[in-house]
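# Fold and contact review
The lines below spell out each chain.
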Amino acid sequence: MYFKQILDERCGCASYLIASRQSHEAAIVDPAIETQQYEELLGERDFRLRYLIDTHMHADHVSGARRLSAMHGAELCLHASARLAYPFRPLTDGEELPLGQLRLRVLHTPGHRLELISILVVNPPRSPEPSMVLTGDSLLVGDMGRPDFGGGDAAQQYETLSRLLQLPDWVAVFPGHFEGPCGKGMCGRPNTTIGFERLYNPLARLDRTTFISTLLDGVPARPLNMTAIEATNRGLAEMPWAMLTSSPPVREVDIEALETREPDAVVLDVREPEEYAHGHVPGAVSVPQADLASRLDEVPRDRPLILICQRGIRSLRAAQFLVQMGIDRVVSVRGGTAAWGKAGKPLAVGDTDAEKPRVAESEWTHAGARSSYRI
Ligand SMILES: [Fe+2]
């Protein structure tokens, strides 16, 4: 067999190319929108693409599956419960896709989303047992996928974890993410084993009730351009440009520059509405990063833009996206609203009953290296 994990550092996603070296048939799981990398691999090895499998309908990156499927005449496969506006081969639990001597066995593992499947890779000439499992956003390394993207369910995620942990110890686990906003406690390794996760995944030790509350508490902000990405992956819109595929340098400014900004500058707060309601820089306009691409026509192109979030990472990515879209009078506030508040500057507050925002943030829930320059 041939097996390759392809990591996308910008969004923290992993995709996979699996092939039979005997029959030269190949399958790609969770392909990124930049499809040239797969074309090169297929060409170099003279593989024929037979299946494109999306483990689920992604919210954080535009899938390259439809494009590849059309170009290669390969079957586009998702779980039967996926609600999409285009045709696909509906998979069911226990079904096996033959790939030369290999078998790709479908395991329905809902929780992150209802339609999420894992793929067990079985190589019968070597062993009747699976040697690896591709888990999408169910079991991650040291974590589980978040259940709040719509169609997810924390209790189902608990059942899914229990089911996956019944696999033999030696089964290698290859997740859909190693960083990024689909989880909040990923270890950073790109793979693990069932045995290791059974022993050391912090969620594996929890009873059902504690598991559910832990999974639901303190989730990362919704991904950049999620609204547009989801609509595209569903086939309801064609916005593949909503994916941040470049890393243009963006100037970062301090809160002093924000305070003394030009009078015509527009401050865009890209945090979640609940974070904005809990305190924002006076005059800042709320455009959550998840909605940025779908609300792009509200972003003025003829005025300087100052993007701000909680700590300066989301705003940097959002600013990079605006630069990618040809809007270049844009800067990001280093340290974000947290730095503004810490400096004792006034915050405006909106309507909210909650004590504190639910959003948890760490550098790794954003994925990728920083790309900025300082003034
Ligand atoms: Fe996902």
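Scroll up to find the structure this text is about.
Note that the structure is a prediction, hence the values are computed from the model and not measured.

Assigned secondary structure in the chain consists of ten helices and 20 strands. Relative to the 2.2 N^0.38 estimate, which gives 21 Å for 375 residues, the radius of gyration of the chain is 22 Å and therefore close to what a compact globule would have. When the 375 residues of the chain are sorted by exposure, 56% land in the buried category. The long-range fraction of contacts in the chain, counting pairs at least 24 apart against all pairs at least 6 apart in sequence, stands at 68%. Separation between the mean location of the 40 positive side-chain charges and that of the 49 negative ones in the chain comes to 2 Å.

Turning to the packing of helix α1 (residues 36-45) against helix α2 (residues 65-72), a few remarks are in order. Across the interface, α1 lies against α2 with an axial gap of 11 Å and an inter-helix angle of 40°. As summarised for this structure, α1 and α2 are arranged oblique, according to the angle between their axes. Where α1 crosses over α2, the handedness of that crossing is right-handed. On the side of α1, the interface is formed by Tyr38, Glu39 and Leu42, while α2 contributes Leu68, Met71 and His72.

Across the sheet, six strands lie side by side as β7-β8-β9-β10-β13-β14; this open sheet has mixed pairing. The open sheet has two edge strands with one neighbour each: β7 (96-99) and β14 (192-193). Across four bridges, β7 lies against strand β8 (residues 102-108) in antiparallel orientation. Bridge assignment links glutamate 96 to a residue of β8, and that residue is arginine 105. Sheet strands in contact with helix α3 (residues 154-164) are β8, β9 (117-122) and β10 (130-136), and its direction is about 145° off that of β8.

Its place among the elements puts histidine 112 in the loop between β8 and β9. Given the relative accessible area of 1%, histidine 112 is considered buried. Looking at histidine 112, its side chain comes within polar contact range of the side chain of aspartate 137, at 3.0 Å. Only 2.7 Å separates the side chain of histidine 112 from the backbone oxygen of arginine 146, close enough to count as a polar contact. Setting aside residues up to four positions removed in sequence, histidine 112 forms contacts with His56, Asp137, Gly145, Arg146, Pro147, Phe149, Gly152, Gln157 and Cys182.

Reading across the sheet, the six strands line up as β1-β2-β3-β4-β5-β6 and stay open at both edges, with mixed pairing between neighbours. The open sheet has two edge strands, β1 (2-8) and β6 (89-91), and neither has a second partner. Put simply, the sheet's adjacent strands are angled 25° from each other on average, direction ignored. Contacting β1, β2 (13-19), β3 (25-29) and β4 (48-53), α1 runs over the sheet at an angle of about 160° to β1. The strands touched by α2 within the sheet are β3, β4 and β5 (75-79), with β4 carrying the most contacts at an inclination of about 150°.

Quick look at the pattern of salt bridges now. Scanning all chains against the criterion turns up 19 salt bridges. Two residues, glutamate 230 and arginine 113, come together in a salt bridge whose shortest N-O distance is 3.6 Å. With glutamate 230 in helix α6 (residues 226-234) and arginine 113 in the loop between β8 and β9, this residue pair connects regions lying 117 residues apart in the sequence. Since its relative accessible area comes to 4%, arginine 113 is described here as buried. A salt bridge links aspartate 148 to arginine 146, with the nearest nitrogen and oxygen atoms 2.7 Å apart.

For the rest of this paragraph, the subject is the state of the cysteines. The tally for this structure, following the rule as stated, stands at zero disulfides. Its sulfur unpaired, cysteine 187 is 17 Å from the next cysteine sulfur, which belongs to cysteine 182. Cysteine 309 takes part in no disulfide bond, and the closest cysteine sulfur, belonging to cysteine 182, lies 18 Å away. Taking relative accessible area as the criterion, cysteine 309 reaches 0% and is therefore assigned buried.

Moving on: the environment of methionine 57. With respect to the helices, strands and loops of the structure, methionine 57 is situated in the loop between β4 and α2. A residue is classified by how much of its surface remains accessible, and methionine 57, at 3% relative accessible area, is buried. The contacts of methionine 57, once residues within four sequence positions are left out, are Leu78, Leu84, Arg113, Glu115, Glu230, Asn233 and Arg234.

Here we take up the environment of glutamate 115. As for its position among the elements, glutamate 115 is in the loop between β8 and β9. Sequence separation between glutamate 115 and threonine 92 is 23 residues; the distance between their C-alpha atoms is 9.9 Å. Residues within four places of glutamate 115 in sequence aside, it is in contact with Thr55, His56, Met57, His79, Ser81, Ala82 and His108.

On the surface, a cluster of nonpolar side chains totalling about 330 Å² of accessible area is made up of Phe196, Leu199 and Tyr200. Tracing the backbone shows tyrosine 200 in helix α4 (residues 194-200).

About the criteria used
- Residues numbered from 1 in each chain as written.
- Predicted model: local features only at pLDDT ≥ 70, side-chain atom pairs only at ≥ 80, totals over all residues.
- Heavy atoms only, no water.
- Helix = DSSP H or I, 4+ residues; strand = E, 2+ residues; numbered from the N terminus.
- Rg over C-alpha atoms; globule rule 2.2 N^0.38 Å.
- Buried < 20%, exposed > 50% of the residue type's maximum accessible area, 1.4 Å probe, protein only.
- Contact = heavy atoms within 4.5 Å.
- Lys, Arg positive; Asp, Glu negative; His and termini not counted.
- Charge placed at Lys NZ, Arg CZ, Asp CG, Glu CD.
- Axes fitted to C-alpha atoms, helices over the stretch in contact; angles between N-to-C directions.
- Parallel < 35°, antiparallel > 145°, perpendicular 65-115°, else oblique.
- Left-handed = near helix turned anticlockwise from the far one by under 90°.
- Pairing = 2+ DSSP bridges.
- Polar contact = N/O pair within 3.5 Å; in protein donor to acceptor, adjacent residues only side chain to side chain.
- Salt bridge = Lys/Arg side-chain N within 4 Å of Asp/Glu carboxyl O.
- Disulfide = S-S within 2.5 Å.
- Patch = residues over 30% accessible without salt bridge, like charges linked within 9 Å, V, L, I, M, F, W, Y side chains within 5 Å.
- Areas by Shrake-Rupley, 256 points an atom, 1.4 Å probe, with all protein chains shown as cover.

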